[in-house]
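Tertiary structure, described
Chain by chain, the residues run as shown.
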Amino acid sequence: MTYRRDFTIGLRETQDFYLMLALGRWWKGILGFGAAGALAGVLYTGAAPLPTLLRSGIILLAALLGAAAAALAVAASTRWKVKAQVARSRRDSYVQETEINGFGVHVTVGTDRAKMGFGDLVRVRETKKAFYLFISGSQAWILPKKQMEDPRAESAQLRELFRKVIERRRLDLQG
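Residues numbered from 1 in each chain as written. Predicted model: local features only at pLDDT ≥ 70, side-chain atom pairs only at ≥ 80, totals over all residues. Heavy atoms only, no water.

**Some points on helix 2 (residues 52-89)**
What counts here: By the criteria applied, helices consist of DSSP H or I runs no shorter than four residues and strands consist of E runs no shorter than two, each listed in order from the N terminus. Multiply 1.5 Å by the residue count of a helix minus one, and that product is the helix's expected span. The cut-offs for exposure are 20% and 50% of the maximum accessible area for each residue type, with area from a 1.4 Å probe on protein chains only; residues under the lower value are buried, those over the upper are exposed, and the others partly exposed. Every residue pair with non-hydrogen atoms within 4.5 Å of one another is taken to be in contact.
For helix 2, spanning 38 residues, the distance from its first C-alpha to its last is 55 Å, which sits close to the expected 56 Å at 1.5 Å a residue. Every buried residue of helix 2 is listed here: Ile59, Ala62, Ala63, Gly66, Ala70, Val74, Ala75, Thr78, Val82 and Val86. Each element contacted by the buried residues of helix 2 is listed here: helix 1 (11-45). Phi turns positive, to about 55°, at Arg90, one or two residues after helix 2.

**Some remarks on the pairing of strand 6 (residues 130-134)**
Remember that side chains alternate between the two faces of the sheet whenever the strand is regular. For the record, the criterion: Between any two strands, pairing holds if DSSP finds at least two bridges.
Within strand 6, five of the five residues are buried, leaving the element largely enclosed by the surrounding structure. With burial as the criterion, each face of strand 6 is covered, one bearing Ala130, Tyr132 and Phe134 and the other bearing Phe131 and Leu133. Relative to strand 6, strand 5 (residues 123-126) runs antiparallel, the two being bridged by four bridges. Within the sheet, the bridge partner assigned to Glu126 lies in strand 6 and is Phe131.

**Points about the sheet that holds strand 8 (residues 171-172)**
Rules: Axis definition: a line fitted to C-alpha atoms, limited for helices to the stretch in contact. Angles are taken between N-to-C directions and run from 0 to 180 degrees.
Pairing within the open sheet is mixed, and its four strands lie in the order 7-6-5-8. The sheet is open, and its two borders are formed by strand 7 (140-144) and strand 8, each paired with just one other strand. Where strand 5 meets strand 8, two bridges bridge the pair, whose relative direction is parallel. Each residue of the ladder has a partner; that of Arg125, found in strand 8, is Asp172. Docked against the sheet, helix 1 engages strand 5, strand 6 and strand 7, running at close to 65° with respect to strand 6. Here helix 3 (residues 151-165) sits on the sheet in contact with strand 5, strand 6, strand 7 and strand 8, set at roughly 25° to strand 6.

**Regarding the side chain of Glu154**
Selection criterion: Polar contact is defined as a pair of N or O atoms within 3.5 Å, subject to the rule that within protein one atom must be able to donate a hydrogen and the other to accept it, and that residues adjacent in sequence are counted only when both atoms are side-chain atoms.
Mapping Glu154 onto the fold places it in helix 3. With relative accessibility at 8%, the residue Glu154 sits in the buried group. Here the side chain of Glu154 touches Tyr3 through a polar contact of 2.5 Å, side chain to side chain. Separated by 3.0 Å, the side chain of Glu154 and the backbone nitrogen of Glu149 make a polar contact. What Glu154 contacts, discounting residues up to four positions off in sequence, is Tyr3, Arg5, Met148 and Glu149.

Encoded structure:
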């Protein structure tokens, strides 16, 4: 089974990738801000004679606001940093020629060529927007679903291929 497609990797795809990484690193911190929000809700409603249901609702709302504010801060910071990095590199986008076959993954960007056997991939992660073929903990080849001719069929094909050649513990697939 062979899969071949050219993908244009631009600012949006790069931002989505780094945002996924950042949220993965910051999830405990985001939960911590949620807990701090809940604690603030407890402290502010502790002395007030409020019905239990209302007090619980206020505490839950404060927790959600704390977590949402932290997640928004991480997202905004990450998107801004990636945009600045892309602007400094003066390379808005590039074409990534991708071929996945029985021998592994072959990628060409301009004159640079790389190939990696399935056993050498760190992991494969699928999100709503893309497949990420990790070549290290913080670098991956990006296969954006929007750029696929038939995203549903191609995603199914990729899932099937990856399930055959990559051990389950290194796969994080949606379907």
